[in-house]
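# Summary of structural features
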Amino acid sequence: MASVLNVKESKASERTVVVAGLSAFPWNDQLLSTIVKIHFQDIKNEGGSIEDVIYPTRTKGVAYVIFKEKKVAENVIRKKKHSLAEKLGPMELTVSHFCEKVFSSVKAILDLSVFRNQVVLETLVMDLQRKIPALCFSPLDRNGRVSVQGSFVAIKRLKESLLLKANSPLENNRHFISEGEKWNRQSPRRSLLECRTSLESLRSSVPETLRSGEMLVLDTDVFLYLKKKSKLYESTLKKFHVLCQERVDGEITTICIKNAQDSSRPNNEKIVKEFIEKYCHSLHFKLRKESFVLEGKGDREKINIKWACELLSPRYLQVLINFCKTHIDIIGSSSDTYAFKKEVEKLIRQNVR
């Protein structure tokens, strides 16, 4: 199966676009690959000559389209909407610059032994596969552990499904997610808060006054962007008179939503949860992340990178710059993060001269 390595080895990353959303189409891989090629060759879609289409890839529903010219790739990305089959409904594709740090896939190891007394674990895994077909499950081992891989959205649905299923055993402080790690995202993990992603730690971290509210699980990068670059988050909490307890757990942030006033409408918590969830879902497909690794670099080079980021920050108001000890993350739209990183690299080269 083709992978991101094919693009790296061909040294064609600047002429490559990432096309997501293909899993929604009911065609076999070969036919879908041909249809994708025809679509992106069409001048009406800002397309042009194509060197190769890599599909399927390690990430379900994602293809890499390598153009012969960099300009064509940029034009395709600049076009806001791409759709392969309008007759099938509003199934739009997400097209972005090729980047090793695209929000593409998550890998998690689940300990399902907590459910052993409730259901046959093999049956549980089969039910989850039917419910969330976008996920890939490894064989279940004898200790009740299974490896799962898929998009963050699919993993989030899996976690929420298991949280609901484990609602009664929550008070027993049993763990069901023992380990999780991002796949195909090579930037260092955040050290905002180190703890085990488990039901016990999740419940113990939530104040007693919030435990009866709604719980929402988000990607940390998406949440930070929502909170720091969008006014919708704070304004929505105020509008519906709710409080949020936020817990950052490495790559995942958990939010507990609770009415701030006893007189508030009881369904306000659910309304806010659904609104934030839908908004973050749309951000998930729009945002991309680039990183500058500081670890192992000299002091002067670190200073130059930070200086360039700070200098450009006022010009890129929709880009979130997250300064960490070992790296700097840049989060925003595909075009903004791409342009920002290029300008930073240019400034650094000029400053060195």
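First, a word on scope: everything that follows refers to the structure included in this document.

### Section: the sheet that holds strand β1 (residues 16-20)
Within a sheet, each strand pairs with its neighbour through backbone hydrogen bonds, oriented either parallel or antiparallel. Across the sheet, 5 strands lie side by side as β2-β3-β1-β5-β4; this open sheet has antiparallel pairing. Only two strands of the sheet have a single partner each, and these edge strands are β2 (50-54) and β4 (82-83). Note that β1 and strand β5 (residues 92-97) share 4 bridges and pair antiparallel. Residue pairing in the sheet places Val17 in a bridge with His97 of β5. Sitting on the sheet, helix α2 (residues 29-41) is in contact with β1, β2, β3 (62-67), β4 and β5, with an inclination near 145 degrees to β2.

### Let's talk about the packing of helix α7 (residues 220-229) against helix α9 (residues 268-286)
The interhelical angle for the contact between α7 and α9, taken along N-to-C directions, is 110 degrees, at an axis separation of 10 Å. The angle between α7 and α9 places the two elements in the roughly perpendicular class. In this structure, α7 crosses over α9, and the sense of that crossing is right-handed. Touching Val222, Tyr225 and Leu226 of α7 are Ile276, Tyr279, Cys280, Leu283 and His284, all from α9.

### Brief notes about the sheet that holds strand β15 (residues 327-333)
Read across the open sheet, the 3 strands follow the order β13-β15-β14; overall the sheet is antiparallel. Both edges of this open sheet fall to β13 (287-293) and β14 (320-323), since each of them pairs with a single strand only. Averaged over neighbouring strand pairs, the angle between their axes works out to 15 degrees when direction is ignored. Note that β14 and β15 share 4 bridges and pair antiparallel. Counterpart to Leu320 in the pairing with β15 is Ile331. Docked against the sheet, α7 engages β13, β14 and β15, running at close to 115 degrees with respect to β14.

Rules and cut-offs
- Residues numbered from 1 in each chain as written.
- Predicted model: local features only at pLDDT ≥ 70, side-chain atom pairs only at ≥ 80, totals over all residues.
- Heavy atoms only, no water.
- Pairing = 2+ DSSP bridges.
- Helix = DSSP H or I, 4+ residues; strand = E, 2+ residues; numbered from the N terminus.
- Contact = heavy atoms within 4.5 Å.
- Axes fitted to C-alpha atoms, helices over the stretch in contact; angles between N-to-C directions.
- Parallel < 35°, antiparallel > 145°, perpendicular 65-115°, else oblique.
- Left-handed = near helix turned anticlockwise from the far one by under 90°.

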